[in-house]
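# Per-entry structural report
This is what each chain is made of:
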Amino acid sequence: MPIATFRFYEELNDFLPRHRRKTDFQEGFTGRRSIKDMIESLGVPHAEVDLILVNGESVGFDYIVQDGDRVSVYPIFESLYIQNVTRLRNIPLRRTKFIADSNLRKIVKYMRALGFDVFSHPSLSPQKIIEVSKKENRIILTMSRKLLKFKDVTHGIFIRPGTTEEQIKRILDLLDIRKSIKPFSRCLRCNSLLKTVGKEEIAARIPPKVKAFCDDYSYCSSCDKIYWEGIHFTEMKRVIDRILGHPES
Ligand SMILES: [Zn+2]
């Protein structure tokens, strides 16, 4: 039986059984097998893979595995540190638009609070998520490995278990998008951009207690919601400061 040697790097190891992590291992195969097919059958969703080297040369997902091949598989952005290789995709990965699974409500809320465009809806089916992701070039955020294995998925991040802060930090680090953060610029409810609005324009709608201490307001014209720096804001700001690594004030 033909045999190929595999090695997975960084967090791609999380998808492998313990004895195969961070080490070379051999895998036998029969017939014509694409590299994408073999990687997925080993448990790693292709959407998390950005670079594959076979015997030191980068190959595409459709490469047919040969007997004796040495395969190195790198996650998204890990490959930024490897020079002189071609990326698997011709569309840039550094996109900052997302579509999230409906069970990631806290991540959606905090990513929007950081200013990122995150589309989400309670009734999104996996098919719809993939369709919107492709049409609008949105990176899929999901806790479902199954979803990331669909062949039409090109950009996706598997959300690992952890606290919301840890999960968001990982997204920011993977995509290197901390520079794009614009806190409290987007509606937490509907994802639209907020506008600054004068106190007098919305005076009738502000509770008197708030009016007394707050002068800055933002307004979402899509869902007609007014935002100000109240109790919820302070709580969110504390979480965001921790995500961004700022000391608590
Ligand atoms: Zn809104």
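Each chain carries its own residue numbering, running from 1 in the direction its sequence is written. Reporting of local features is limited, given that this is a predicted model, to residues whose pLDDT is at least 70; pairs of side-chain atoms are given and counted only at 80 or more, and all residues count toward the totals for whole chains, interfaces and linings. Just so you know, side-chain values use all the structure's heavy atoms and leave hydrogens and water out.

Here we come to the coordination of the zinc ion. Only N, O and S atoms count as donors, using a 2.8 Å limit from the metal and a wider 3.2 Å limit for Na, K and Ca, and since water is excluded some coordination spheres may look unfilled. Summarising the metal site, the zinc ion is bound by the protein donors Cys187 (SG), Cys190 (SG), Cys220 (SG) and Cys223 (SG), whose distances to it range over 2.3 Å. If you list the donors of the zinc ion from N- to C-terminus, the spacing comes out as C-x2-C-x29-C-x2-C. With Cys187 in the loop between α5 (164-175) and β10 (195-197) and Cys220 in strand β11 (residues 217-220), this pair connects stretches of sequence that are 33 residues apart. Assigned by exposure class, Cys187 and Cys220 land together as buried. Helix numbers and strand numbers start at the N terminus; a helix is a DSSP run of H or I with at least 4 residues, a strand a run of E with at least 2. Remark: exposure states derive from per-residue accessible area (1.4 Å probe, protein chains only) relative to the maximum for the residue type, with buried under 20%, exposed over 50%, and partly exposed in between.

Packing of helix α2 (residues 105-113) against α5 leaves a shortest axis separation of 10 Å and a crossing angle of 55°. On the basis of the axis angle, α2 is oblique to α5. The two elements α2 and α5 cross, and the hand of that crossing is right-handed. Across the interface between the two elements, Lys106, Ile107, Tyr110 and Met111 of α2 pack against Thr164, Gln167, Ile168 and Ile171 of α5. The residue makeup of the contact of α2 with α5, split by class, is five nonpolar, two polar and one charged. In this analysis an axis means a line fitted to C-alpha atoms, helices contributing only their contacting stretch, and an angle means the value between N-to-C directions, from 0 to 180 degrees. Here roughly perpendicular refers to angles of 65 to 115 degrees, roughly parallel to angles under 35, roughly antiparallel to angles over 145, and oblique to all remaining angles. Rotating anticlockwise by less than a right angle from the far helix to the near helix defines a left-handed crossing, while the corresponding clockwise rotation defines a right-handed one. The contact rule is simple, with two residues in contact once any of their heavy atoms fall within 4.5 Å. Classification convention: Asp, Glu, Lys, Arg as charged; Ala, Val, Leu, Ile, Met, Phe, Trp, Tyr, Cys, Pro as nonpolar; all other residues, Gly among them, as polar.

A word on the confidence of the model for the protein. As a per-residue measure, pLDDT tells how confident the predictor is, with possible values from 0 to 100. Confidence along the protein averages 87 in pLDDT terms, with 91% of residues attaining 70 or more. Scored below 50 in pLDDT, residues 78-87 makes 15 contacts in the model with residues more than four places away or belonging to other chains.

Turning next to α2. Listed in full, the buried residues belonging to α2 are Ile107, Val108, Tyr110, Met111, Arg112 and Ala113. Considering only its buried residues, α2 is in contact with β6 (97-100), β7 (117-119), β8 (139-142), α5 and α7 (231-243). Backbone geometry just downstream of α2 places Gly115 in the positive-phi region, at approximately 100°.

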